[in-house]
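# Structural overview
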Amino acid sequence: MGCCCSSLRAGAGSGTHPAEKPPGHRPPPPPANRPSTFSLNAHQAAPSARSGGGGGGRGGGDVPAFADFSLADLRAATGGFAAENIVSESGEKAPNLVYRGQLKGPGGAPPRAIAVKKFAKHAWPDPKQFAEEAKGVGNLRHRRMANLIGYCCDGDERLLVAEFMPNDTLAKHLFHWENQTIEWAMRLRVAYYIAQALEYCSTKGRPLYHDLNAYRVLFDENGDPRLSCFGLMKNSRDGKSYSTNLAYTPPEYLRNGRVTPESVIFSFGTVLLDLLSGKRIPPSHALDIMRGRNIQAVMDSHLEGNYSIEVATTLVNLASQCLQYEPRDRPDIKKLVSILEPLQTKSEVPSYVMLGIPKPAEEPQAPPAPQRPLSSMGEACSRMDLTAIHQILFTTHYRDDEGSNELSFQEWTQQMRDMLDARKRGDFAFKDKDFKAAIDCYSQFVDVGTMVSPTVFARRSLCYLMCDQPDAALRDAMQAQIVSPDWPTAFYMQSVALSKLNMQSDAVDMLNEASQLEEKRQKSTKGP
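Residues numbered from 1 in each chain as written. Predicted model: local features only at pLDDT ≥ 70, side-chain atom pairs only at ≥ 80, totals over all residues. Heavy atoms only, no water.

### As for the overall build of the protein
A count of helices and strands for the protein gives 19 helices and eight strands. Sequence separation of 24 or more characterises 70% of the internal contacts of the protein that already satisfy a separation of 6 or more. (Helix = DSSP H or I, 4+ residues; strand = E, 2+ residues; numbered from the N terminus. Contact = heavy atoms within 4.5 Å.)

So, in structure tokens, the structure goes:
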């Protein structure tokens, strides 16, 4: 199976948006010590690749630098390599399992979806060889590929980490479709994009691709086809270069067990056959049909004749050339690209439309800069720089809590010790960036209810943002506003949470209001 995909598709979040309000109007805060009725569900989509000479994904997110991951990182990302996260075509029976996972984003950025390929024990006995091979593939970056972003070599464990492609494989869309088959223009796009990926790999000194088939072609969040990077890895000691039926294997591989650039062209020919027919036809049988020039017998009946006979004939002839018995009689990859390029149609139509999948959700964007200069806190919030916000909240400590609590002597003696101990533990966890533990400790402090602290709400709000829970973060920021109605930090934190929820207009209002409050506070401090 193409290893960077899932057969499960996460739906976009939906939520209840607050009513329209005039500019500068503060949203009414929820009642104190009660859950807010302000309910939103964020759709946190992973950044997509933009590399290899042009935009391939939405949002312009870059492919991260190749990294050496720890086994603990990948275990956490995949839920302990949970069975429900397996996306390998053969499930748990596959020799090398592939899992979907989530990596925490740096600096509070949205988490990144990943695919983790976990090899069988002792598949790569030499760790140095595995690392070198992974780094070689990891140097490749192209918008037509599901790029390799890291690896793990820990004891006997060998794992690869790639970009996750959420919209299934070509095999799923061709052979096991439910609502609609792939239209003709999209099939031509798939052939062209995968040829482009193979041409790029060839120019970068990686012309060999192992077991190219419809399961190695994946669809990203935009519905664009990508070539799985896993097929670029050299064969391990006990693996096979071709896992598919021998009828689809290049004849020279059956003779000598070696993969050559010409073998890749043969396999590309089998993918062309899949695109033409919508089903798996053994190449030898397909060649017999092609020799009889019976184009209709090759074509997918589900297309219902909605294709150009001339273009279909060109594609059939191209598949026939790729499937020639003698490797020297097959075209090279550059010729394939040059033939496929002028066949492209509907270039203005997005792939997700032709594939029949939902339009990808927009990524959260930082709000535009406010009209007046910002403090360091304001600057950090306008950039959505959660790491900088954490540092500011930590160094500010509890200076803004003065005067917010009046306790009786009885309350002090009976409850304060436990409450302050919970807050202290929360502060230690906050300092150590253990945000889940900080949430638990601060929640113990808040739940007692004897003391109210806007700083605790602000800190817990940031912890929720770090844990990708913008709904809860917004509620806490609003609670901080209840306790301290003119505290700029409460509004700044609401601005960041609203930005994460893709509510940019509200986020800008909050950012401007926080800036006004900050300016007013500074003037009152200076005096007349």
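Okay, back to it.
### Comments concerning the pairing of strand S3 (residues 112–118)
The element S3 is largely enclosed, with a buried count of six among its seven residues. Judged from the five bridges that link them, S3 and strand S6 (residues 157–163) form a sheet pairing that is antiparallel. Bridging from a neighbouring strand, Ile114 pairs with Glu163 of S6. (Buried < 20%, exposed > 50% of the residue type's maximum accessible area, 1.4 Å probe, protein only. Pairing = 2+ DSSP bridges.)

### Some thoughts on the pairing of strand S2 (residues 97–103)
Note on strand geometry: in a regular strand, side chains alternate between the two faces of the sheet. The buried count for S2 comes to five of seven residues, which makes it a mostly enclosed element. Here S2 pairs with S3 via seven bridges, running antiparallel. Bridge pairing in S3 places Val98 opposite Lys117.

### Points about the pattern of salt bridges
Pairing is possible between side chains that carry opposite charge, provided their charged atoms lie close to one another. The tally for this structure, following the rule as stated, stands at 14 salt bridges. Note that Arg226 and Glu163 form a salt bridge whose closest N and O atoms lie 3.4 Å from each other. In this pair, Arg226 sits in strand S8 (residues 225–228) while Glu163 sits in strand S6, placing the two residues 63 residues apart along the sequence. The two residues Arg226 and Glu163 agree in class, both being buried. Taking the shortest distance from any N to any O, the salt bridge between Asp168 and Lys172 comes out at 3.9 Å. By relative accessible area, Asp168 is classed as buried at 5%. (Salt bridge = Lys/Arg side-chain N within 4 Å of Asp/Glu carboxyl O.)

### Examining the environment of Ser277
For Ser277, the location among the structural elements is in helix H6 (residues 261–277). In this structure the C-alpha to C-alpha distance between Ser277 and Leu303, which are 26 residues apart in sequence, comes to 9.4 Å. Beyond its immediate sequence surroundings of up to four residues, Ser277 is in contact with Val298, Met299 and Asp300. Of the polar contacts made by the side chain of Ser277, one reaches the backbone oxygen of Lys279; its length is 2.7 Å. (Polar contact = N/O pair within 3.5 Å; in protein donor to acceptor, adjacent residues only side chain to side chain.)

### Remarks on the nonpolar core
Nonpolar side chains in soluble globular proteins tend to end up buried together. Ranked by size, the top nonpolar core spans 85 residues in total, and within it Leu170, Trp184 and Phe268 carry the most contacts. Among the elements that take part in this core, helix H4 (residues 184–203) stands out by supplying 14 residues, more than any other. When neighbours within four sequence positions are excluded, Phe268 is seen to be in contact with Ala191, Ile194, Ala195, Leu198, Leu212, Cys322, Leu336 and Leu340. Of all hydrophobic cores here, the second largest spans 49 residues; its members include Leu386, Leu462, Leu465 and Met478. (Core = buried A, V, L, I, M, F, W, Y, C linked by side-chain atoms within 4.5 Å.)

### Describing the packing of H6 against helix H9 (residues 309–322)
It is the contact of H6 with H9, at a shortest axis distance of 8 Å, that shows an interaxial angle of 150 degrees. Crossing hand, H6 versus H9: left-handed. Contact with H6, carried on its side by Ile265, Phe266, Phe268, Gly269, Leu272 and Leu276, involves Ala312, Leu315, Val316, Leu318, Ala319 and Cys322 of H9 and no other residues of that element. Looking at the contact of H6 with H9 residue by residue, the class counts come to 11 nonpolar, one polar and no charged. (Axes fitted to C-alpha atoms, helices over the stretch in contact; angles between N-to-C directions. Left-handed = near helix turned anticlockwise from the far one by under 90°. Nonpolar A, V, L, I, M, F, W, Y, C, P; charged D, E, K, R; others polar.)

### A look at the packing of aromatic side chains
Within this structure, the stated rule accounts for nine aromatic pairs. Ring plane angle 50 degrees and centroid distance 6.2 Å describe the contact between Tyr192 and Tyr193, whose orientation is recorded as tilted. Taking the relative accessible area as the measure of exposure, Tyr192 reaches 11% and is therefore buried. Ring pairing ties together the aromatic residues Phe66, Phe119, Trp124, Phe130 and Tyr151, which thus form one cluster. (Phe/Tyr/Trp six-rings, centres within 6.5 Å; stacked < 30°, edge-to-face > 60°.)

These figures capture arrangement, not role.
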